[in-house]
Structures are given as structure tokens and as C-alpha cells.
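Spelled out, the chains give:
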Amino acid sequence: MSDHKGSPLQDMPIPVTILTGFLGAGKTSLLNQLIANHPEKKLAIIENEFGEVPIDGDLVIGAQDNIFELANGCICCSLNGELIETLRQLLDSGKVFDHLIIETTGMAEPDAVALSFVSDPGIQAEFQLDGTVCLVDAVSGQETLLEREEAVKQITFADCIVINKANDVQEHYLAALQSNLREMNPLAQITTANYGRTEANLLHLQAYEAGELEQKIKSVVGDSPTHHHHHSDVAAHSFTFDQPFDLLAFIHWSKVLLMIQGKNIYRIKGILDVGNENAKMVFQSVRTQSAFTRAGDWPENEPRLSRIVIIGKNLKREALEKALRSCLSKG
Ligand SMILES: Nc1nc2c(ncn2[C@@H]2O[C@H](COP(=O)(O)OP(=O)(O)OP(=O)(O)O)[C@@H](O)[C@H]2O)c(=O)[nH]1
């Protein structure tokens, strides 16, 4: 990866990691570990926190020159426009950096932050999401998930979930938490940490790359017709279809679905067989935005199975399946 000097004509988009997790879960501790473990990287960091006086920036060690603060508001709501402005300033600053980390407030909905990177063409040209990392407090995480909708959304949107303070709980408790998180988000990688120290390569998740997505979706959905994971009213529904999709019908359906039910749909990811296309089409949504990318061609010896995972709240599985079936190619 080449250096980025804030020029609008960079050769490669700068990878972006969104760091999220409920209040006190260990985001700043993890950030400090990332900085310590990646001396080869020139990290730029955007900190967002509530409160008049920014504090977290002072708690991040050794990167003071490259820290940008968005204080006194939440990045996912009132400060979203400011985030885009800060990204532009970052590019214009002349600072050299090759990876951007955004630490959100503990209350932020990371999909709203991610939206800036998939909805603004100017930003998209310069930055590319690598993935969202969500910290969960091993001790209080379970309780927080029962009480706080924001925490549930953070989990369901994450590409990697890090259970921090793992040594502070017993093994069986940790295993139960892990399995609960797996049910809520079967697509995420799950790992453990103490004081933010973890083995996982969190800055290279490539969560939005077609090949990586395909592997993940395949591992979750398999070849069986349909199944779903349940966490109270939040569920991950998986579907497989062995007939090709009509691309336009699918696009139309997904746009209407996200427009009408977007609030309750946390994530859609899918690999689709589309009539008249040799390439596998990878679909994913971030809030109301959605996009297709091409993965490799379907190999001759691989059945053309479309696999789709929809994670959301209070979703009616039968209705989703029926609607998806109506998007299958008629020809
Ligand atoms: N026991 C224990 N404490 C930890 C661990 N990791 C972090 N802490 C402590 O937990 C507190 C919160 O950690 P932070 O890294 O500031 O968490 P945060 O998510 O950035 O917090 P907010 O910015 O307030 O949302 C601090 O006092 C840390 O020292 C851990 O693995 N075990």
C-alpha cells in the first residue's frame, strides 16, 4: 500500500476501520494496542465522543499529530456531515497516512458511520471501508445487550467482534456469550482480548471485498435450503435458492424493502446467481444503500446456489422468502 498524502489524486483508496462498542468496552485500550502493534503503519485517527471537552484523544498514545476529534455530539447522527467535512480536511491536510481508524462513541450506530463511505462519491473515491470492529465487555456485555438497542445494532453490523476483558469471566460464561453473539451475527469473526490485546489482524478484515464476503456467506449459509439464528427479536435469516435471480427484480425489491423496513434491517449480504451473468454477484446493504459487486465466475463444477443472509429485528421470515422467490428469473 502506498503512502497517502491527502492528495485528491491518490492511487489507492485509504482503508478505513470503524471501531465501535458500548461505553467502557475497551475501544481506547484496543486502539492503543493497534498503534503499538503497527509501527509500520501511518495511522490517522478520528475520535468521536460526547461531552464538551474531548478526552479520548489524550488517552491515545503516540499518535497525537494524526488525531482528529469530533467532540460534543454523536458521529452517527448530528455529526455525520461533520465527519465528511473532517475526512475532507484530513485529505487536504498534507498529512501522510495509510489507514484511517474511526473510534465512535459507545452509543453510536456504526452503520450510520459506514454510510458516509458508501453514499458520498467524493469520499468513496478516496476511502474504502476495511471493516467494523465491535468491542464487547465480557463482564457486562450480556446485560447491555438485553437493555440497549444501540449495543445490539453494533453487534449485528460488526465484521469482527472482540470480546474484551475475557480473563475477567469464567470459561463457561465466555462460551455462552460467544454463542449468543454468534447467533446475533453469524457472519462476523469473533475473537477475545484483554486490555485490547488480541491476535486477530483487525486492520486487514477486507470485509467489503467480494472474495472475502463470498467465503463468509458460504460458511454461514451452506447448501441447505433455509435456516435462521435467533436472538430474541433479532434474527439472522439465511436463504438458498437454486434458480437464478432476475437482477432488476431483486434490485427493485431490495430498494423497496430497505426504504420501508430499513430501520429494522441491520445487514443484508448475499452471493447471487443472476440469469445471463457468468460472474457471481455479491450484494450487500448498509442502511438504505445497497450495492452489487462481481466476484469470480461460477466454476463449471460448482452448483449455482444463491445464498443470502438478512439480519434484522422482527422480520417475517416467510414474507422475506416469498418476496425473494418472486425475484427469481421466470425464464
Ligand atoms: N479488567 C479489565 N479492564 C479493562 C480491560 N480493558 C480495558 N479495561 C478498562 O476498562 C475501562 C474502559 O476502557 P476503555 O479502553 O477506555 O474503553 P472505551 O470503550 O474506550 O470507553 P468509552 O470511551 O468510555 O466508551 C478502563 O478503565 C480500562 O482500563 C480488560 O481487559 N480488563
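Reference entry: report on the structure contained in this document.

Criteria and cut-off values
Residues numbered from 1 in each chain as written. Predicted model: local features only at pLDDT ≥ 70, side-chain atom pairs only at ≥ 80, totals over all residues. Heavy atoms only, no water. Helix = DSSP H or I, 4+ residues; strand = E, 2+ residues; numbered from the N terminus. Contact = heavy atoms within 4.5 Å. Buried < 20%, exposed > 50% of the residue type's maximum accessible area, 1.4 Å probe, protein only. Axes fitted to C-alpha atoms, helices over the stretch in contact; angles between N-to-C directions. Parallel < 35°, antiparallel > 145°, perpendicular 65-115°, else oblique. Left-handed = near helix turned anticlockwise from the far one by under 90°. Near = heavy atom within 4 Å. Polar contact = N/O pair within 3.5 Å; in protein donor to acceptor, adjacent residues only side chain to side chain. Areas by Shrake-Rupley, 256 points an atom, 1.4 Å probe, with all protein chains shown as cover. Nonpolar A, V, L, I, M, F, W, Y, C, P; charged D, E, K, R; others polar. Phe/Tyr/Trp six-rings, centres within 6.5 Å; stacked < 30°, edge-to-face > 60°. Lys NZ or Arg CZ within 6 Å of the ring centre and 35° of its normal.

1. What to know about the environment of Gln124
For Gln124, the location among the structural elements is in helix H5 (residues 121-126). In this structure the C-alpha to C-alpha distance between Gln124 and Pro13, which are 111 residues apart in sequence, comes to 7.8 Å. Ignoring anything within four residues of it in the chain, the contact list for Gln124 reads Phe117, Val118 and Ser119.

2. Considerations on the environment of Lys255
Secondary-structure assignment places Lys255 in helix H10 (residues 247-261). Classification of Lys255 as partly exposed rests on a relative accessible area of 45%. In sequence terms Lys255 and Ser290 are 35 residues apart; their C-alpha atoms lie 7.7 Å from each other.

3. Remarks on the packing of H10 against helix H11 (residues 317-326)
Axis separation between H10 and H11 bottoms out at 9 Å; the angle between their running directions is 150°. When the axes of H10 and H11 are compared, the pair comes out roughly antiparallel. When you trace H10 past H11, the crossing you get is right-handed. Along its contact with H10, which presents Phe250, Trp253 and Leu257, the element H11 presents Leu320, Ala323 and Leu324.

4. Quick word on the site of the ligand
Taken together, 15 residues surround the ligand, and among them Lys27, Thr28, Ser29, Asp168 and Tyr195 come closest. Residue Gly24 places a main-chain N or O atom 3.0 Å away from an oxygen atom belonging to the ligand. Take Gly26: an N or O atom from its main chain is 2.9 Å from an oxygen atom of the ligand. When the ligand sits alone it has 650 Å² of accessible area, and the protein chains cover 68% of it. Top contributing element to the shell around the ligand by residue count: helix H1 (residues 27-37), with three residues. Per-class residue counts for the shell around the ligand are four nonpolar, six polar and five charged.

5. Topic: the packing of aromatic side chains
One pass over the full model with this rule turns up eight aromatic pairs. Taking the centre distance of 5.5 Å and the plane angle of 85° together, the rings of Phe245 and Phe250 count as edge-to-face. Considered together, Phe245 and Phe250 belong to a single accessibility category, that of buried residues. For the cation-ring pair, Arg267 lies above Phe157, with the distance from its terminal atom to the ring centre recorded as 4.1 Å. Lying across the ring of Trp298, Lys280 places its NZ or CZ 5.1 Å from the centre.

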